[in-house]
Amino acid sequence: MSLALLATACGDDRGAGASGDWQAQMRQIRMAVRGSEDDPQLARRWDAYKRRLEAATGLPVKLYESSDYNGAIQALSSGQVDMANIAGGGYANVDAQIGDKVAPILTVRDAEGAVGYYSAVLVKADSPYRTMRDLKGKALGYVDFNSTSGYLFPRAKLREQGFDPDTYFGKSTFAGGHTQAVMALENGQFDATIINVGGGTPEHGFTTGAHYTMARRGVVNVDDFRIIWTAGPIPNSAIVTRTDRPQAFIDTVRGAMAALPYDDPEMWTQIGQADGSTYTAVDRSHYADIIALRDGDLAQRRGRRP
């Protein structure tokens, strides 16, 4: 069942101006997250966040997992959840629908102060493809229409470099997720695919990303792939809240989550966050470039319609 359908069973919206104690107003906290059966680490992360928020607020936390990007976007936009962990492109979509009714409050910053990750074009290591010019007329796999690193950001950067993503490739298809994109490439459905990578730089290499996660689980061999193009950094995902919820709720969430890497550093690393990373406060301006990229991509595609 989709996230949106599940969320319809939860009560109606409760604005910040409602009277009475905010816990009594809300009764529970509803958080949208992206589900992934292929990455058990994500399940551990959402469970850790759930327990953290329940301890801080004294309220039960219901996690609503969506199998695709659009589920969390629509749940936020319709007010069916109170908060979410969402990528920049997803937030840009929500912002376009409801504006300042949703706001980002926190994102992860690494030990060196960086707050971003990268898009990467991945090919098989035994393929003849070495640069983007080798992929002219070839089949390219995207992750999802609402994926920041797997669609929105790389398309904009390709255009800047003179590659029109709508005409340069012979065929392009959505895989549905980063893991699915790697598997489709492995199985020969694409000549190349775009995924996210992190834990490093283009100059020094990366340590995180879908194919690294899959390799650690023994699903693929990381040496079977080669990165031939990168773009970034891209602003990290954000914890966002509905702004029409009680301010005390928003402040409590911000404080509880920001303190997590300090209060429980072991849990922080167990849920896949890099050692030395922390949360840092953000607002809409942090994602202004992603919002502009989304608007530009929509304008480009609409301009091609007959």
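Each remark here, short or long, concerns the structure printed above.
Residues numbered from 1 in each chain as written. Predicted model: local features only at pLDDT ≥ 70, side-chain atom pairs only at ≥ 80, totals over all residues. Heavy atoms only, no water.

## A short note on the packing of aromatic side chains
- For the structure on display, the rule yields 11 aromatic pairs.
- Between tyrosine 142 and tyrosine 151, the aromatic rings sit 4.9 Å apart at their centres with planes inclined by 80°, giving edge-to-face as the arrangement.
- Classification of tyrosine 151 by relative accessible area gives buried; the value is 5%. (Phe/Tyr/Trp six-rings, centres within 6.5 Å; stacked < 30°, edge-to-face > 60°. Buried < 20%, exposed > 50% of the residue type's maximum accessible area, 1.4 Å probe, protein only.)

## Describing the side chain of asparagine 85
- Note that asparagine 85 resides in strand S3 (residues 83–86).
- Here asparagine 85 is in contact with Met31, Ala32, Trp46, Tyr49, Ser237, Ala238 and Ile239, once residues within four sequence places are set aside. (Helix = DSSP H or I, 4+ residues; strand = E, 2+ residues; numbered from the N terminus. Contact = heavy atoms within 4.5 Å.)

## Re unusual backbone geometry
- At the junction of glycine 232 and proline 233, the peptide bond is cis and its omega measures out at 5° in the coordinates.
- Turning to its location among the elements, proline 233 is positioned in strand S10 (residues 225–235).
- A positive phi is found at arginine 27, a non-glycine position, where the angle reads about 70°.
- Position of arginine 27 relative to the elements: it lies in the loop between helix H2 (22–26) and strand S1 (29–34).

## With respect to the pairing of strand S11 (residues 238–242)
- Counting buried positions along S11 gives five out of five residues, so the element sits mostly inside the fold.
- Here S11 shows two buried faces, one formed by Ala238, Val240 and Arg242 and the other by Ile239 and Thr241.
- Bridge count for S3 against S11 is four bridges, and the pairing is antiparallel. The partner of isoleucine 86 across the bridge, within S11, is alanine 238.
- Here five bridges tie strand S4 (residues 102–109) to S11, and the two strands are oriented antiparallel to one another. Considered in S11, the bridge of proline 104 is made with valine 240. (Pairing = 2+ DSSP bridges.)

## A look at the pattern of salt bridges
- Using the criterion set out here, one finds 15 salt bridges in the structure.
- Its salt-bridge partner being aspartate 244, residue arginine 245 comes within 3.0 Å of it at the nearest N-O pair.
- According to the relative accessible area criterion, arginine 245 is buried, its value standing at 0%.
- A relative accessible area of 22% means that aspartate 244 is categorised as partly exposed.
- Of the charged contacts, one joins arginine 294 and aspartate 295 as a salt bridge, the two residues approaching to 3.7 Å between their closest N and O atoms.
- Residue classification places aspartate 295 among the partly exposed residues on the basis of a relative accessible area of 41%.
- When salt bridges that share partners are traced, they join Arg30, Asp82, Arg242, Asp244 and Arg245 into one network. (Salt bridge = Lys/Arg side-chain N within 4 Å of Asp/Glu carboxyl O.)

## So, helix H4 (residues 69–77)
- Most of H4 sits inside the fold, with seven of its nine residues counted as buried.
- Residues of H4 that are buried include every one of Tyr69, Gly71, Ala72, Ile73, Ala75, Leu76 and Ser77, and no others.
- The positive-phi residue at the C-terminal boundary of H4 is glycine 79, with phi of around 80°.

## Observations regarding the nonpolar core
- Within the largest apolar cluster, 43 residues are counted, with the highest numbers of intra-cluster contacts made by Leu76, Val121, Met132, Leu135 and Val240.
- Take this core: its biggest share by element is five residues, from helix H6 (residues 148–160).
- Setting aside residues no more than four positions away along its own chain, leucine 76 makes contact with Val81, Met83, Ala84, Ile86, Val94, Ile98, Val102, Val240 and Arg242.
- Ranked by size, the runner-up nonpolar core spans 26 residues in total, among them Met26, Met31, Tyr49 and Leu59. (Core = buried A, V, L, I, M, F, W, Y, C linked by side-chain atoms within 4.5 Å.)

Note that all results are geometric; they support no functional claim without further evidence.
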